[in-house]
Amino acid sequence: SVIDETAERSLTKTVLSLGDRPSRQCVLPRAAAARASKGTLYVACLGIDSIVELDSRGLDPSRLELRRFPVPAGPTGVAIDDRNGVAVVWSQFDPGVTILGLDDAKAATVSVAVRYTPSASVRQLAEGRKMFHHTDDPRVASDGVACASCHPDGREDSLTWATPDGPRQTIMLAGHENNSAPYGWAGKFENLPDYTAETFRRLGGSGIAGHELDAL
């Protein structure tokens with residue numbers, strides 16, 4: 001969207017028009033590295049847990065996908081060894097390093113897991129973090145976005161939304177306590193399950209319940 005910073009308002013009617021519901025799109029890129037000899041760009045994509053290879057020589061590389069490589073959950077870093085045709089990927093949510101062979105037609109992959117045994121509470125937080133960043137989940141939204149689409153890394157996207165009650169900014173979630181009711185722009189909700197249920201409803205999602213909602 002085009003924002004008039006002085007007037008603190010959007011100059012366009014919509015923030016983003018995606019057309020048909022996207023599927024498996026890289027809407028949460030977190031890192032990128034180029035391979036100069038081939039003119040390719042490798043993007044680490046949260047939400048779909050993949051490295052997407054793009055042709056960087058086009059006007060819009062995002063539309064020129066060449067290949068994609070599945071990696072463990074939460075890819076947040078990628079480095080390229082151009083001479084040896086290797087990409088090294090760090091996955092944060094399922095801790096591990098993946099080594100991708102870029103010149104092999106079969107794209108040889110080697111994964112190295114990190115030896116780490118978290119406590120039960122930390123495992124629950126990790127499950128919630130994955131869900132927070134997962135795209136194409138019809139329980140969350142009908143258009144393929146994730147919680148992290150509006151709240152990157154639990155923060156806010158700097159957008160101001162037009163509502164029947166006036167302009168409202170996306171709320172930062174990081175640093176808020178889960179017992180700091182009421183919740184929402186108007187403070188209508190006394191607990192998080194009711195608040196998140198309303199959020200999913202507004203986004204066209206079917207909702208999340210049970211232990212998954214607790215984790216989220």
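Everything here concerns the structure above.
Residues numbered from 1 in each chain as written. Predicted model: local features only at pLDDT ≥ 70, side-chain atom pairs only at ≥ 80, totals over all residues. Heavy atoms only, no water.

**Focus: the pattern of salt bridges**
- Applying the stated rule across the entire model yields eleven salt bridges.
- In this structure, the salt-bridge partner of Asp94 is Lys130, at a minimum N-O distance of 2.6 Å. With a gap of 36 residues between them, Asp94 in the loop between strand S8 (86–91) and strand S9 (96–101) and Lys130 in helix H1 (residues 120–133) connect regions that are remote in the sequence.
- By relative accessible area, which is 32% here, Asp94 ends up partly exposed.
- Notably, a salt bridge pairs Arg139 with Asp137, separated by 3.0 Å at the nearest N-O pair.
- Relative accessible area serves as the criterion here: at 25%, Arg139 is assigned to the partly exposed category.
- Given a relative accessible area of 8%, Asp137 falls into the buried group. (Salt bridge = Lys/Arg side-chain N within 4 Å of Asp/Glu carboxyl O. Helix = DSSP H or I, 4+ residues; strand = E, 2+ residues; numbered from the N terminus. Buried < 20%, exposed > 50% of the residue type's maximum accessible area, 1.4 Å probe, protein only.)

**Observations regarding the side chain of Glu53**
- Relative to the helices and strands, Glu53 is located in strand S5 (residues 50–55).
- Side-chain polar atoms of Glu53 contact the side chain of Arg67, separated by 2.7 Å.
- Once residues lying within four places of it in the same chain are set aside, the contact partners of Glu53 are Thr40, Leu41, Tyr42, Leu64, Glu65, Leu66, Arg67 and Phe69. (Polar contact = N/O pair within 3.5 Å; in protein donor to acceptor, adjacent residues only side chain to side chain. Contact = heavy atoms within 4.5 Å.)

**Description of the packing of aromatic side chains**
- All chains considered together, the criterion is met by two aromatic pairs.
- Consider the rings of Tyr183 and Tyr195, whose centres lie 6.3 Å apart with planes at 15°: the pair is stacked. Of this pair, Tyr183 sits in the loop between strand S12 (166–169) and helix H3 (192–202) while Tyr195 sits in helix H3, and the two are twelve residues apart along the sequence.
- Ring geometry for Phe189 versus Tyr195: centroids 5.8 Å apart, planes at 45°, classification tilted. (Phe/Tyr/Trp six-rings, centres within 6.5 Å; stacked < 30°, edge-to-face > 60°.)

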